[in-house]
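Overview (structure and organization)
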Amino acid sequence: IISYTELLHDGSITIEGKARLVFQDSVVEMTSGGALYANIFVKDQAELIFESSTLKSHADDPANLFVYLTEEAKLIFNRSEGLHMLIASGNSRIQIHNSTWAYSMPKFRGGGIRLSGSAQADVRNSTIGGIILDLPEEVSANINGFRAGKFTHLDIQKDFELKNSNLNAILENTTILDDYL
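Residues numbered from 1 in each chain as written. Predicted model: local features only at pLDDT ≥ 70, side-chain atom pairs only at ≥ 80, totals over all residues. Heavy atoms only, no water.

Overview of the overall build of the chain
We count it as follows: Secondary structure elements follow DSSP: runs of H or I of four or more residues count as helices, runs of E of two or more count as strands, with numbering from the N terminus. Atoms counted for the radius of gyration: C-alpha only. Globule rule: 2.2 Å times residue count to the power 0.38. Only protein chains enter the calculation, and the probe is 1.4 Å; a residue is then buried if its accessible area is under 20% of its type maximum, exposed if over 50%, and partly exposed in between. It only takes one pair of heavy atoms within 4.5 Å for two residues to be counted as in contact. Using a 1.4 Å probe, accessible areas were evaluated by the Shrake-Rupley method; residue-level cover was limited to the displayed protein chains. His is not counted, nor are the chain ends; Lys and Arg add positive charge and Asp and Glu add negative charge. Think of each charge as sitting on NZ of Lys, CZ of Arg, CG of Asp or CD of Glu.
Of regular secondary structure, the chain possesses one helix and 22 strands. A compact globule built from 181 residues should have a C-alpha radius of gyration of about 16 Å, and the chain, at 16 Å, falls within 12% of that. Here the C-alpha coordinates of the chain stretch approximately 45 × 40 × 30 Å along the principal axes. Sorting the 181 residues of the chain into buried and exposed places 45% on the buried side. Restricting the contact set of the chain to residue pairs at least 6 apart, pairs at least 24 apart contribute 58%. With the model as given, the accessible surface of the chain reaches about 9200 Å², and the carbon-plus-sulfur share is 46%. The chain carries 15 positive and 23 negative side-chain charges, and their two centres are separated by 5 Å.

So this is what it looks like as structure tokens:
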């Protein structure tokens with residue numbers, strides 16, 4: 001557990017096995033360490049938890065920070081702020097409550113959640129920059145009329161009529177920002 005800390009981390013972070021990394025009342029600023037992007041990899045059954053904390057890129061461009069969840073990894077983001085892209089695959093889980101996962105640049109907004117495989121997202125009382133679903137060919141969905149905005153309740157599995165997919169996201173009292181200001 002890392003509490004009441006301002007951490008400037010150079011390079012990627014990998015959490016694997018059954019490890020748990022918790023940031024509480026902290027600011028985590030990531031630099032790419034000379035690589036193109038700053039990455040956090042959460043693998044296996046590992047957990048990454050942000051409680052009343054901020055995750056941000058040290059660079060001028062917030063679009064160079066990625067968090068990847070694979071296998072059965074889990075991200076819990078509560079009363080926190082983060083930016084750019086969460087990418088969840090396998091049976092990974094994302095829980096974002098009372099938080100913001102988005103950023104603004106001149107004339108553009110970003111930040112989002114990308115789901116594939118059987119990944120699940122539970123987003124409540126939050127603001128996100130977008131949601132992306134990677135659906136294989138055999139999956140059908142009906143997204144007619146879907147637009148960015150405020151959602152009292154959105155169940156992707158039910159409301160998009162997903163067939164042949166275990167992927168799901170549930171948004172309650174959550175805003176998805178429009179891409180352009």
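Additional details are given in the paragraphs that follow.
Considering the sheet that holds strand 20 (residues 131–133)
Our working definition: When DSSP finds two or more bridges between a pair of strands, those strands are recorded as paired. Note on geometry: axes are lines fitted to C-alpha atoms, helical ones only across the stretch in contact, with angles between N-to-C directions running from 0 to 180 degrees.
The sheet built from six strands is open, its strands ordered 3-6-9-12-17-20 with parallel pairing. Looking along the sheet, the strands with just one partner apiece sit at the ends: strand 3 (13–15) and strand 20. The mean angle between the axes of side-by-side strands here comes to 15°, regardless of whether they run parallel or antiparallel.

Points about the layout of surface pockets
Selection rule: Here a cavity means grid points, on a 1 Å grid over the protein atoms only, where a 1.4 Å probe fits yet cannot get out; a pocket means an open set of points with protein on both sides within 12 Å along at least five of seven lines; lining residues are those with an atom within 4 Å of a point. Grid points are joined across faces, edges and corners, and a volume is the space filled by probe spheres set on the points.
Of the volumes computed, that of the largest pocket is approximately 220 Å³. As for the largest pocket, its lining consists of 16 residues, of which Gly 129, Gly 130, Ile 131, Ile 176 and Asp 179 are closest to the centre.

Comments concerning the side chain of Ser 92
Spelled out, the test is: Within 3.5 Å is the distance limit for a polar contact, defined as a pair of N or O atoms, with the added protein rule that one can donate a hydrogen and the other accept it, and that residues adjacent in sequence qualify only through two side-chain atoms.
Note on placement: Ser 92 falls in the loop between strand 12 (85–88) and strand 13 (93–97). For Ser 92, the side chain forms a polar contact with the main-chain oxygen of Ser 89, separated by 2.7 Å. The residues contacting Ser 92, other than those within four sequence positions of it, are Leu 69, Thr 70, Glu 71, Glu 72, Ala 73, Ser 118, Ala 119 and Gln 120.

Topic: the environment of Ser 53
One can find Ser 53 in the loop between strand 7 (47–51) and strand 8 (54–57). Taking the C-alpha atoms as reference points, Ser 53 and Leu 8, separated by 45 residues in sequence, lie 14 Å from one another. Look past the residues within four positions of Ser 53 in its chain and what remains in contact with it is Phe 23, Gln 24, Asp 25, Ser 26, Arg 79, Ser 80 and Glu 81. Reaching out from Ser 53, the side chain makes a polar contact with the backbone oxygen of Phe 23 at a distance of 3.2 Å.

Brief notes about the pairing of strand 4 (residues 20–24)
Taken together, the two bridges between strand 1 (residues 2–3) and strand 4 define a ladder with parallel strand orientation. Counterpart to Ser 3 in the pairing with strand 4 is Gln 24.

As for the packing of aromatic side chains
Short version of the rule: Each Phe, Tyr or Trp ring (for Trp, its six-membered ring) is paired with any other whose centre lies within 6.5 Å, and the angle between the two planes then decides the class: stacked below 30 degrees, edge-to-face above 60, tilted in between. Here, over-ring charges are defined by two tests on the NZ atom of lysine or the CZ atom of arginine: distance to the ring centre within 6 Å, and angle to the ring normal within 35 degrees.
Counted according to the given criterion, the structure contains eight aromatic pairs. Ring geometry for Phe 66 versus Tyr 68: centroids 6.0 Å apart, planes at 15°, classification stacked. Taken together, the ring pairs in this structure connect Phe 23, Phe 50, Phe 77 and Trp 101 into an aromatic cluster. The ring of Phe 41 carries the charged tip of Lys 43 above its face, separated from the ring centre by 5.9 Å.

A look at the nonpolar core
Quick note on the threshold: As used here, the term nonpolar core means buried Ala, Val, Leu, Ile, Met, Phe, Trp, Tyr and Cys residues forming a set that is joined through side-chain atoms within 4.5 Å.
Of all hydrophobic cores here, the largest spans 44 residues; its most connected members are Ile 40, Leu 48, Leu 55, Ile 94 and Leu 115. Once residues within four sequence positions are removed from consideration, Leu 48 is found in contact with Ile 15, Leu 21, Phe 23, Ile 40, Val 42, Val 67, Lys 74, Leu 75 and Ile 76.

Digging into unusual backbone geometry
For Asn 164, which is not a glycine, the phi torsion comes out positive at approximately 70°. Here Asn 164 is to be found in the loop between helix 1 (156–159) and strand 22 (168–176). Even without being a glycine, Asn 173 presents a positive backbone phi close to 45°. By the secondary structure assignment, Asn 173 is in strand 22. Residue Asn 173 is classed as partly exposed on the basis of its relative accessible area of 35%.

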